[in-house]
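# Descriptive structure summary
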Amino acid sequence: MGNSAPTVGAITVNNGADIYLTPCANTTVTCDVIVTDADGYEDINTSSLMGIFYSSDYSNEQDSDNRSIHYSNNSCTGSGGSGTTMNVVCNFTVDYYAMNGTWSCGIRATDYGGEIGSNLSNSTMDSLAAVSLNATQVQFGTGLSPGDNTSANPQTLMVTNC
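Per-chain numbering applies: the sequence of each chain, read as written, is numbered from 1 onward. Given that the model is predicted, a residue must reach a pLDDT of at least 70 before its local features are reported, and side-chain atom pairs must reach 80 or more before they are shown or counted; all residues, however, enter totals for whole chains, interfaces and linings. Side-chain descriptors were evaluated using all non-hydrogen atoms of the structure, hydrogens and water having been removed beforehand.

### Details of the state of the cysteines
To keep things clear, this is the line we draw: Two cysteine sulfur atoms make up a disulfide if the distance between them is within 2.5 Å. Secondary structure counts use DSSP, requiring at least four H or I residues in a row for a helix and at least two E residues in a row for a strand, with both numbered from the N terminus. Here's how the labels work: a residue is buried when its accessible area is under 20% of the maximum for its type, exposed when over 50%, partly exposed in between, all with a 1.4 Å probe on protein chains only.
The final tally for this structure, using the stated rule, is two disulfides. With a sulfur-sulfur separation of 2.2 Å, cysteine 31 is cross-linked through a disulfide to cysteine 105. Residues cysteine 31 and cysteine 105 share a disulfide whose torsion about the S-S bond is about 135°; that sign makes it right-handed. Taken together, the residues span a long stretch of sequence, with cysteine 31 in strand 3 (residues 26-36) and cysteine 105 in strand 8 (residues 101-110) at a distance of 74 residues. Comparing cysteine 31 with cysteine 105 shows no difference in burial state: the two are buried. Note that cysteine 76 is cross-linked by a disulfide to cysteine 90, the S-S spacing being 1.9 Å. Here the S-S torsion is close to 115°, and the disulfide linking cysteine 76 with cysteine 90 is therefore right-handed. With cysteine 76 in the loop between strand 5 (70-73) and strand 6 (77-82) and cysteine 90 in strand 7 (residues 85-95), this residue pair connects regions lying 14 residues apart in the sequence. With respect to burial, cysteine 76 and cysteine 90 carry one shared label: buried.

Here's what the structure looks like:
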């Protein structure tokens, strides 16, 4: 009997929900899957678990990492092995300026016999438009009514596009 390649099941991206980025911060996107190996879960080489997360509108699996459209994780985690199955989780720290649209998550598993299994799943990255400003810097004064002119005391406000 020969060595069987691992099978990567259906990947769940972000618990099945659309991905909403966080203004001016990073968002963790999680891809998880059950990997099956007919030779037993102990045959899955956990140090070889790899994941990719990329914009399928602007990139592909083979592209280099680019924080707007492509992320790699060479240290995905395998846990909870039993019988022939193991849960695999890959986390990706996505920047707030990542492109919106369709994103693909791919997970690859290799067993100790050198056989490889992989799979892809799509998700939606929603668009984000955000600016940051420090409104505490603006002193509006007191006793103002709508339409009052405050040009005698001009204020400067720093607006950051994020």
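### Regarding the pairing of strand 4 (residues 50-55)
To keep things clear, this is the line we draw: DSSP calls a pair of strands paired once it identifies at least 2 bridges connecting them.
Of all six residues in strand 4, five are buried; the element is thus mostly enclosed. When strand 4 meets strand 8, the two strands line up antiparallel, connected through six bridges. Bridged to tyrosine 54 within strand 8 is serine 104. Both strand 4 and strand 5 contribute to a ladder of four bridges, which runs antiparallel. Following the sheet pairing, phenylalanine 53 is matched in strand 5 by tyrosine 71.

### With respect to the side chain of aspartate 37
What counts here: In this charge count, Lys and Arg are treated as positive and Asp and Glu as negative; neither His nor the chain ends contribute. A side-chain nitrogen of Lys or Arg and a carboxyl oxygen of Asp or Glu constitute a salt bridge if their distance falls within 4 Å. Contacts between residues were defined by any pair of non-hydrogen atoms, one from each residue, lying within 4.5 Å.
Its place among the elements puts aspartate 37 in the loop between strand 3 and strand 4. Here aspartate 37 occupies a buried position and makes no salt bridge, while the nearest side chain of opposite charge, arginine 108, is found at 13 Å. Once residues lying within four places of it in the same chain are set aside, the contact partners of aspartate 37 are Ser4, Ala5, Pro6, Asp43, Ile44, Thr84 and Asp111.

### Some thoughts on the pattern of salt bridges
Applying the stated criterion to the full structure yields one salt bridge. For arginine 67, the salt bridge is made with aspartate 95, and the minimal N-O distance between the two is 2.7 Å. Here aspartate 95 lies in strand 7 and arginine 67 lies in the loop between strand 4 and strand 5, a separation of 28 residues in the sequence.

### Details of the packing of aromatic side chains
The test is simple: Note on aromatic pairs: the rings of Phe, Tyr and Trp (six-membered ring only in Trp) are paired at centre separations within 6.5 Å, and the planes decide the class, stacked below 30 degrees, edge-to-face beyond 60, tilted for the rest.
Tallied over the entire structure, the rule returns four aromatic pairs. Taken together, Phe53, Tyr71, Phe92 and Trp103 form an aromatic cluster joined through their ring pairs.

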